[in-house]
Amino acid sequence: MITVQNTVNASINKVWDFWTSPEHITKWSFASPDWHTPYAENDVKQGGKFKSTMAAKDGSMSFDFEGEYTFVEENKTIKYVMADGRKVEIFFKETLDGVEVVESFDPESQNPEEMQRGGWQAILDNFKNYVENN
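Residues numbered from 1 in each chain as written. Predicted model: local features only at pLDDT ≥ 70, side-chain atom pairs only at ≥ 80, totals over all residues. Heavy atoms only, no water.

Peer 1: Explain the side chain of N42 to me, please; I cannot follow it from the model alone.
Peer 2: Tracing the backbone through its elements, the reader meets N42 in strand β2 (residues 35-42). Since its relative accessible area comes to 18%, N42 is described here as buried. Of the polar contacts made by the side chain of N42, one reaches the backbone oxygen of T20; its length is 2.8 Å. At a separation of 2.6 Å, a polar atom in the side chain of N42 contacts the side chain of Y69. Once residues within four sequence positions are removed from consideration, N42 is found in contact with T20, P22, I25, K49, F50 and Y69. (Helix = DSSP H or I, 4+ residues; strand = E, 2+ residues; numbered from the N terminus. Buried < 20%, exposed > 50% of the residue type's maximum accessible area, 1.4 Å probe, protein only. Polar contact = N/O pair within 3.5 Å; in protein donor to acceptor, adjacent residues only side chain to side chain. Contact = heavy atoms within 4.5 Å.)

Okay, structure coming up:
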């Protein structure tokens, strides 16, 4: 698995809400400024499904990021399986500096692992910036 992490200077309730609410997901879930997430739906419970559309702002490309939750413990843990069968685990831990978010995922085989780590870290960094500034 590949792991990315960051510490968000906010309460656990705010971090959880901004991570799981579609109206917030559309504001942070992209890896670079020339991309955006115009659509998101999320049913955060075991067996619930999620889907978000990530798209280039110039309209040249888009894809759906989707899967099904296999385990959810509010304010602590999210585990899911992506549509292609890869697994993801996210842990939220309160610390003196804020909420540590640790996300681990199975890599795909098309792109180098460093590129995948960089993309997922960029999305997590966007999340941190969005939460701390809103």
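Peer 1: Which parts of the structure should I look at to understand the sheet that holds strand β1 (residues 2-8)?
Peer 2: By definition, the strands of a sheet pair up through backbone hydrogen bonds, in either a parallel or an antiparallel sense. Judged by pairing direction, the sheet is antiparallel, and its seven strands sit side by side in the order β1-β7-β6-β5-β4-β3-β2 without closing on themselves. A strand with exactly one partner marks an edge of an open sheet, and here the two such strands are β1 and β2. Each adjacent strand pair in this sheet contributes to an overall mean axis angle of 20°, direction not counted. In this sheet, strand β7 (residues 98-105) lies alongside strand β6 (residues 87-95) in antiparallel orientation, the contact comprising eight bridges. (Pairing = 2+ DSSP bridges. Axes fitted to C-alpha atoms, helices over the stretch in contact; angles between N-to-C directions.)

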